[in-house]
Amino acid sequence: MQDLVERAEQAVELARRAGADGAEAFVLDAPEDAVLLEPSGAGEFALRTANTVLHRGLGLAARWGRRVGFASTTDLSSPALAEVVNDCRRAALPDDPALPLVSAGDAPEAPGLADKRVLEMNLPEIVGVAMTVGAEAREAGVGVLGVVATATCRRVAIVNSAGLVRSSLDTRISAGLYAMSRGGGFAMWSRTSRSLAGLLALAVGRKAAALARSSDDARDVVPGLQTVVLRPDALLSLLATSLGPALGADRVAEGTSLFAAGGASPGDGVASAILDITDDATRPGSTGSYLFDAEGTAGQATPVIRAGRLVSLLHNNYSAASLGLRRSTGNASRDRSGRMSTFVEPSGPFGYRPGILPSSLVVTSPGPTFPDLPAAGVDRGLLVQDVMGAFVIDPAVGDFSVTTTNAWALERGRPAYPVKRAMLSGNMYSLLKQVLALAEEPEDVVGPFSLVSPSWVVADLVVV
Amino acid sequence: MKTEGDRPLDPQAAMEFALRRAREMGAVYADVRFQDRRLTLVGLVARRPTGAGPGAARRETWEASRHVERGLGVRVFGARGGEGFAAAGGLGRAALAKAVSDALSGALQAERTAASVSGAAALGPAVVSTGRVSTPRATDPAEVDLEAKLDILRTFKAEAFARPETSRVSLAYADSTGIDRFASTDGSDIETDSARIILRATVEAARGPHVSDSAESLGGVGGLELLAEPAVKSLAASLAGAAAEWLGAGEAPGGEMTAILDNQSTENFIHEAVGHSCEADDVLAGASVLAGKLGAQVGAPGVTVVDDPGRPGTVGLYPYDDEGVPARRVTLIEDGVLKEYLHTRRTAAAMGRPPNGHARARDFGCPPIVRMATINLEPGDFSLDQMLEGVKKGIYLMGKRGGQVDPARGVFQFRPDRARLIEGGELGRPVRAPSLSGSILDILQNIDAVGCDLRFHPGGCGKGFPAQVIPAGSGAPHVRLQRATIGGVGQASAAEAEERGPA
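Keep in mind it's a predicted model, so treat the numbers as computed, not measured.

Examining the interface of chain A and chain B
Then step 1. Facing 81 residues of chain A, the contacting portion of chain B comprises 95 residues.
Then step 2. For the pair chain A and chain B, the two sides together bury roughly 7100 Å², of which 57% comes from carbon and sulfur.
Then step 3. Across the contact surface, chain A and chain B share six salt bridges.
Then step 4. The shortest N-O distance in the salt bridge between A:D75 and B:R70 comes to 3.0 Å.
Then step 5. Summed over the shared surface of chain A and chain B, the number is 31 residue pairs in polar contact (both at pLDDT 80 or more).
Then step 6. The dominant element in the side of chain A that touches chain B, judged by the number of residues it contributes, is strand β3 (residues 45-53) of chain A, at nine residues.

Thoughts on the domain arrangement of chain A
Residues and elements named next belong to chain A.
Then step 1. Domain boundaries assigned for chain A yield domain 1 (2-124 + 143-173) and domain 2 (224-463).
Then step 2. Each of domain 1 and domain 2 was reduced to a C-alpha centroid, and the two centroids are 26 Å apart.
Then step 3. The interface of domain 1 with domain 2 comprises 32 residues on the first partner and 29 residues on the second.
Then step 4. The interface formed by domain 1 and domain 2 contains two salt bridges.
Then step 5. Between R353 and D95 there is a salt bridge; the shortest N-O distance is 3.2 Å.

Examining the packing of helix α4 (residues 146-161) of chain B against helix α5 (residues 229-245) of chain B
All names here are of chain B.
Then step 1. Between α4 and α5, whose axes approach to 8 Å, the crossing angle comes to 35°. The interaxial crossing formed by α4 with α5 has right-handed handedness. Taking contact as the criterion, the partners of I152, T155, F156, E159 and A160 in α4 are, on α5, E229, V232, K233, L235, A236, A237, L239 and A240.
Then step 2. Classifying every residue of the contact of α4 with α5 by side-chain character gives nine nonpolar, one polar and three charged.

Side note on the sheet that holds strand β11 (residues 337-338) of chain B
In sheet architecture, strand pairing relies on hydrogen bonds along the backbone and comes in two forms, parallel and antiparallel.
Residues and elements named next belong to chain B.
Then step 1. In space, the six strands of this open sheet follow the order β11-β10-β9-β14-β23-β22, with mixed pairing throughout. Either end of the sheet is taken by a strand with one partner, and the two such strands are β11 and β22 (455-463).
Then step 2. As defined by bridge partners, strand β10 (residues 330-334) adjoins β11 across two bridges and the pair is classed as antiparallel. Within the sheet, the bridge partner assigned to E334 lies in β11 and is V337.

Examining the pairing of strand β15 (residues 393-398) of chain B
Working note: regular strand, side chains alternate between the two faces of the sheet.
Residue and element names in this part refer to chain B.
Then step 1. Of all six residues making up β15, five are buried, and the element is well covered by its neighbours.
Then step 2. Pairing of β15 with strand β18 (residues 418-423), which is carried by six bridges, proceeds in the antiparallel orientation. Its bridge partner lying in β18, Y396 is registered against R420.

Describing empty space enclosed by the protein
Then step 1. Using the criterion set out here, one finds two cavities of 30 Å³ or more in the structure.
Then step 2. For the largest cavity, the calculated volume is near 40 Å³.
Then step 3. Lining the largest cavity are A:L54, A:H55, A:R56, A:T74, A:S347, A:F350, B:D363, B:F364 and B:G365.
Then step 4. A per-class count over the lining of the largest cavity returns three nonpolar, four polar and two charged.
Then step 5. A volume near 30 Å³ is recorded for the second largest cavity.
Then step 6. In this structure, the second largest cavity is lined by A:V68, A:L93, A:P94, A:D95, A:R353, B:W62, B:E63 and B:A64.
Then step 7. Of all the secondary structure elements, the ones that give two or more residues to the lining of the second largest cavity are β6 (93-94) of chain A together with β2 (59-77) of chain B.
Then step 8. It is β2(B) that contributes the most residues to the lining of the second largest cavity, three residues altogether.
Then step 9. When grouped by side-chain class, the residues that make up the lining of the second largest cavity number five nonpolar, no polar and three charged.

How each quantity is defined
Per-chain numbering applies: the sequence of each chain, read as written, is numbered from 1 onward. By the order in which they are written, chains take letters starting at A while ligands take numbers starting at 1. With pLDDT at 70 or above as the cut-off, local features in this predicted model cover only qualifying residues; side-chain atom pairs require 80 or more to be listed or tallied, and sums for whole chains, interfaces and linings still use all residues. Only hydrogens and water are set aside when side-chain values are computed; all heavy atoms of the structure are taken into account. Should any heavy atoms of two residues lie within 4.5 Å, those residues are counted as being in contact. Buried area counts how much accessible surface, traced with a 1.4 Å probe, disappears from two parts once they are put together, with both parts' losses summed. Note on definitions: salt bridges are taken to be side-chain nitrogens of Lys or Arg within 4 Å of carboxyl oxygens of Asp or Glu. Polar contacts, as counted here, are pairs of nitrogen or oxygen atoms within 3.5 Å of one another; within protein the pair requires one atom able to donate a hydrogen and one able to accept it, and residues that are adjacent in sequence qualify only if both atoms are side-chain atoms. Strands here mean DSSP runs of E at least two residues long; helices mean DSSP runs of H or I at least four residues long; both are numbered from the N terminus. Here the bounds of each domain stem from an automatic or database domain assignment. Angles shown run from 0 to 180 degrees and are taken between the N-to-C directions of axes, each axis being a line fitted to C-alpha atoms and, for helices, limited to the stretch in contact. Left-handed describes a crossing in which the near helix is turned anticlockwise from the far one by less than a right angle; the clockwise case is right-handed. Each residue gets one of three labels, nonpolar for Ala, Val, Leu, Ile, Met, Phe, Trp, Tyr, Cys and Pro, charged for Asp, Glu, Lys and Arg, and polar for the others, Gly among them. At least two DSSP bridges between two strands are required for those strands to pair. Relative accessibility under 20% of the residue-type maximum defines a buried residue, over 50% an exposed one, and the middle range a partly exposed one, all with a 1.4 Å probe and only protein chains included. Using a 1 Å grid laid over the protein atoms alone, points where a 1.4 Å probe fits but cannot get out form a cavity; open sets with protein on both sides within 12 Å along at least 5 of 7 lines form a pocket; any residue with an atom within 4 Å of a point counts as lining. Grid points are joined across faces, edges and corners, and a volume is the space filled by probe spheres set on the points.

Put into structure tokens, the structure is as follows:
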């Protein structure tokens, strides 16, 4: 870890020598071991590829007077760091506030984000995880088109000229597979955990197999207005490009959030009164938790919606300083998702200035959460595991028109039969107000941020 | 602190070192890709408060950044065909040796689990390509200062805000210049000097409670001439006009209906429905509905789809792919008959076909996989008016926002930028953009008219695990689809939607 801190310190020092009035360096080193298994005959799998994908680089922001520049490099050699300082100065433009820096403060405490087993894993062990997952599915009687597993040890260092020095180490391990059953049912299912034990406990292979088998002999959907139950995977797909980015104060300021320009502001009812949503980066072991955000601010828990009312937006240090707030909510993110894409882009998050994203959106209810759908009063409707096509939702507008992957018609609150692809249409901000109940066990699912939520029972969605 | 082992080598020495090291460690084949590219990104969000007139004060947020993408990726094959890949961010011997070792470890691990395959056979016949090539450009972005790039965005902004309805302009400019080198133990040694430039634009209009936006991209492989002032102004005026015209647009109907797709909607549909299903890695894994269908009639007569990495000016242009194979035009579907898949060397060898130059990697840090370059539907004979004739009720889908496909299940969906109703053979009122979803094998048979107006646009594509997002071009004329499933909000017919009026 000290090597990354030294690189960050060196970049900040080089900026200072180049006359910068302030500087912040972010360094990432997160090699990702990824394996792909394919079937190789009776009950066997062959390792198709084993790659170590590089996610490594440094991003530097520096200020000369009121002008702020940003530059990045994948090359951490000393000549390259001098080059990045020069690039930073050449890219500097007037900005206000001009690079507010996170103060050193107390070092945050680690919420258990690194697993020793994952840190020590070698390639054969990652292959073993994929084999286990594939075997689980085959034992459950389904065919497997492919199994993937990845393990990442992510090291981050942030140093700024205000004296802040932060470093962290965390782990992620994931597995997924594509299962196909004899009756034509398909399922693509994956899960991610901070720990090996956590991943294995999720029984990815068995769950994928069950999902595929329960999708056999699908029938056409009955179109019309229906009660729709959205499982956490479907919810995250929809929220990742709507509510998640819309909660960012940067988007509100630039007018690319529904909550901008009079759309809604803190105190307004924006969702069903049965919804409480908290952004929480401090849950021990959660995939969405972090020690500090992409500017070095400690991860926090921030209530954003209480009984359907918007109570807070999410901030990074820049948006907090813009509004004269005492501190950021610790939601600076360098994830590329949600940004306008040209597809000509830096190769990693170190190449992006910090935006704002949730860490983990944790959904609960001020009222009851029901153990199953009949208990929640669901009779007929549609149960949706996940959807495709949600990534084009505009967070300023919220319109969606998506296609289900695995879905089932509900009768008396229980799956009666699987349906072929169905389309769901509507508006995400109307949908938030149409939530009737929360039901089933919460799950922790991962995308650009994490969502911890039970299923949502939603009234009157258009099904085509 | 620094040791001899991590002192950077020059690129030529680094590539030779990695190849030599791979051979010494037992690789039967190795290739290295060195990349040294500079990116400049500029972003602008300019906003005019809702309801304010053209002269009202605007709030603007500008961002600019510069990036160095430099490093080396190494891929190795073991004696029994196992493949491994790893990358080094620096060119020091220690980092290069670790990358080779990691890659070889992956290859050997693969061989422990796979049936025995000859290492040479895994990649097919040797490919030896040599040369130095440059992609064409009149004004190299690397030789133009930042101010000139800011001017492109200022030009767009001024033109877009000339419309009084325009409330927000969001722009993202990017250029990438530099070299990509490829060398292999087969004897390939290629250097490609290229430049790519893109402007992504979204214009939002607002009036009272109504908000509408329209988005499109401009650019390709080339220089700043691709963003010449007339083209930038034309795009700004077009998007601002569309955003204003779609203010208060009604809801689209849902259900099965006749759909006419404009150029961009068609290219999005072809990319998702045909392109991904023709990628041979998915075909070999049994994860494409087009697997085993070479020679079969998979589309209507008149449907011809090609992928051409040599299409001038498009964002997917490259002379050699990331395995050093000369890129070439591939006819995927000819008059409705499936003719070929897109291949890497490995997939081509596995299917007994020649490689066709479609191995692409996002950057040096990722391995090459089967990808599209610039896919297009070849033009037919129909004009838009001829397509509209006889369509009593239907929908006209325009522009593209993005799509997604599940090739194994054979299901795709895409979302256009905006839409209009079709009634009585004429284009009717604007409606909000619904998605189109369908079964690939059904919908290719349902194309009953192909337009004569082929156009190309820049775009991008994500694939792989971990995902690799790359620039990819596409082109198409208009098409007409029968029995298209449209995900509008109502079961209403087009006529009923018309009567309901704006939301």
